Amino acid sequence: MKNWHPDLGRSSSPLYMAIADLIEMDLRGGQLSAGDKLPTHRDLARRLAIDVTTVARGYLEAQKRGLVQSHVGRGTFVTGSTAAARGTFTVDASPDSRRAAMVDPSMNMPPEPDDPALLARMREGLSALAADLVPLLRYQSFGGAAMDKEAAALWLGRRSLTPPQERIFVAPGAHPALLAIFGMLTKPGDTVLAETITYPGMRSIAAQLRLRLVGLPVDDHGVLPDAFADACEREKPKAIYLNPTLQNPLTLTMPAARRAAIAAVAQTYRLPIVEDDAYGFIPADGPTPLAALAPQLTWYIGGLSKCIGAGLRLAYVAAPDDSRALWSFAGAMRAGNVMASPLTTALATRWIEDGTADAILGFLRTEAPARQALAASLLPAGYRADPLSFNIWLPLPQGWTRSTFGTHMRACGLGVMASDAFAVDGTPPEAVRVSLGGPVTRPQLQTALEFMAHALEGPPEMAGSFF
């Protein structure tokens, strides 16, 4: 229905909310029906003499209410399927619907599987555990049972790592493992090195432990070896934290030659490396981990949040080849966490053993490039990205500040985080991380990126016609 021409005077809401309100009103009144195609953003903006951004935001609000659905290359269509459109409002109290809304958009999440066959396979693994559920509700041995460590070893082997079982720990997520490692390696006031733009969780851990975090400059290949060596001489650090594959948020991957140079500097100064390989399993044939180059110094953390699912809250830790380090880490983890959840550990073990985990990886290796291609087709050049990353790092054009841009994009459904969360020291750049994954579908992503692209065409004043 391309001739829909709503009367904005029928709603006292801000313009973008009024558009969603009027779609709802016209569905109730019969002026719109399920399956009707709405005007394009630009067509409706021209008819109503308002900004395109306002229309895009209105359609996003209508989509959140379940009133419309966007389809890539086809347009926006009325669904007419919600209780709201029929004039009745109910709350579905089933666990599934309530948990579906529990999303933290600030997190950099992988795209969620939508293939029916893959979802059925994932459910089958969970159902198999339910057949013998009671043992999984008991306390388990710390660090993982033998069968879970075998699965962990199989998984780590995909990254050319072959640590013996006694050096493998099953931890309740990468963040608790990082907290335990740095709590063991440092004391308050000590210095730790990291990329100058780094994972926000590392900044939180440093603050919690009262550590001094010092940023190292990077180029397109990661941390500069000379700067690393200079910092070792000058700062006398206790460890270095690195996220060398698809680094969050810059999306950089440190190539083999740079990894060898970084490992050589660490070996010269006998400096422990904490390697957060959260995204290392996404590339089918990524560079060898630092843990394989400097096994005596490196704490390796292979989290499952980015490559299988954040809700598992599971990570495989490979400790350095040092008995004293093993004992200290075991004590720190046991004191803080007791054990990883046996239920999620068993599910991860099953998925690794039956190939489901590899199927999920296969989905991510297809879906992430498709989303990055969509972003490349809509956004102006000048941002950092990798075909396999779940986010882009977007330096903002002149006129935009990171706080203004984040506020502007709040309604678009994407996780947009200002650079303040990532900057280790100095003044944060005018840049944001934009996450492309999570529960956002490709059509929703296209709508949000179109909204973003329009905003980037000019200064904030041109994109601010919301009221």
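To be clear, the structure that these remarks concern was listed above.
Residues numbered from 1 in each chain as written. Predicted model: local features only at pLDDT ≥ 70, side-chain atom pairs only at ≥ 80, totals over all residues. Heavy atoms only, no water.

Undergrad: What am I meant to see in the sheet that holds strand 14 (residues 431-435) here?
TA: Strand pairing in a sheet is mediated by backbone hydrogen bonds. Such pairs are either parallel or antiparallel. With antiparallel pairing, the three strands of this open sheet are ordered in space as 12-14-13. Both outer strands of the open sheet, strand 12 (391-395) and strand 13 (416-418), are each paired with one neighbouring strand and no more. Strand-to-strand twist of the sheet, defined as the mean angle between neighbouring strand axes without regard to direction, takes the value 25 degrees. Pairing between strand 12 and strand 14: five bridges, direction antiparallel. Of the residues in strand 14, the one forming a bridge with tryptophan 393 is arginine 433. (Pairing = 2+ DSSP bridges. Helix = DSSP H or I, 4+ residues; strand = E, 2+ residues; numbered from the N terminus. Axes fitted to C-alpha atoms, helices over the stretch in contact; angles between N-to-C directions.)

Undergrad: Mind showing me how you'd approach a nonpolar patch on the surface here?
TA: Judged by side-chain polarity, Leu133, Leu137 and Leu343 come together as a nonpolar surface patch covering roughly 260 Å² of accessible area. Of note, leucine 133 is situated in the loop between helix 5 (116-130) and helix 6 (146-156). Take leucine 133: its relative accessible area is 34%, and that puts it in the partly exposed class. (Patch = residues over 30% accessible without salt bridge, like charges linked within 9 Å, V, L, I, M, F, W, Y side chains within 5 Å. Areas by Shrake-Rupley, 256 points an atom, 1.4 Å probe, with all protein chains shown as cover. Salt bridge = Lys/Arg side-chain N within 4 Å of Asp/Glu carboxyl O. Buried < 20%, exposed > 50% of the residue type's maximum accessible area, 1.4 Å probe, protein only.)

Undergrad: Just checking my understanding: could you explain the sheet that holds strand 5 (residues 212-216) for this structure?
TA: Taken together, seven strands build an open sheet; the order of strands is 3-11-10-9-8-4-5 and the sheet is mixed. Of all strands in the sheet, those with a lone pairing partner are strand 3 (168-171) and strand 5, marking the two edges. Across this sheet, the average inter-strand angle for adjacent strands is 20 degrees, counted without regard to direction. In the sheet, strand 4 (residues 191-195) pairs with strand 8 (residues 239-242) via two bridges, with the strands oriented parallel. Following the sheet pairing, valine 192 is matched in strand 8 by alanine 239. Lying on the sheet, helix 6 is in contact with strand 3, strand 10 (298-303) and strand 11 (315-318); it crosses strand 3 at an angle near 105 degrees. (Contact = heavy atoms within 4.5 Å.)

Undergrad: Looking at this structure, I do not really get the pattern of salt bridges. What am I missing?
TA: Opposite charge on two side chains lets them pair, provided their charged atoms get close. Per the stated rule, a full pass over the model turns up 18 salt bridges. Arginine 42 is the partner of glutamate 457 in a salt bridge, and the nearest nitrogen-oxygen pair spans 4.0 Å. Of the two residues, glutamate 457 sits in the loop between helix 16 (442-456) and helix 17 (460-463) while arginine 42 sits in helix 2 (residues 41-48), which places them 415 residues apart along the sequence. Among the residues examined, glutamate 457 registers a relative accessible area of 57% and is labelled exposed.

Undergrad: Can you help me understand the packing of helix 7 (residues 174-185) against helix 12 (residues 323-337) in this one?
TA: Close contact between helix 7 and helix 12 brings their axes to 9 Å; oriented N to C, the two are set at 125 degrees. Our classification of the angle between helix 7 and helix 12 gives oblique. Between helix 7 and helix 12 lies a crossing of right-handed hand. Contacts between helix 7 and helix 12 pair Pro176, Ala177, Ala180, Ile181 and Met184 from the former with Ala325, Ser328, Phe329, Ala332, Met333 and Asn337 from the latter. The residue makeup of the contact of helix 7 with helix 12, split by class, is nine nonpolar, two polar and no charged. (Parallel < 35°, antiparallel > 145°, perpendicular 65-115°, else oblique. Left-handed = near helix turned anticlockwise from the far one by under 90°. Nonpolar A, V, L, I, M, F, W, Y, C, P; charged D, E, K, R; others polar.)

Undergrad: Honestly, the packing of aromatic side chains in this entry has me stumped. Any pointers?
TA: Given two aromatic rings, one states the distance between the centres and the angle between the planes to describe the pair. Counted by the stated rule, this structure contains six aromatic pairs. Geometrically, the ring pair formed by tryptophan 155 and phenylalanine 281 is stacked, given 5.1 Å between the ring centres and 20 degrees between the ring planes. Separated by 126 residues along the polypeptide, tryptophan 155 in helix 6 and phenylalanine 281 in the loop between strand 9 (273-276) and helix 11 (290-293) bring together distant segments of the chain. Just as tryptophan 155 is buried, phenylalanine 281 falls in that class too. Aromatic ring contacts, followed pair by pair, group Phe169, Trp299 and Phe329 into a single cluster. Arginine 57 extends its terminal NZ or CZ atom over the ring of tyrosine 16, reaching a point 4.0 Å from the ring centre. (Phe/Tyr/Trp six-rings, centres within 6.5 Å; stacked < 30°, edge-to-face > 60°. Lys NZ or Arg CZ within 6 Å of the ring centre and 35° of its normal.)

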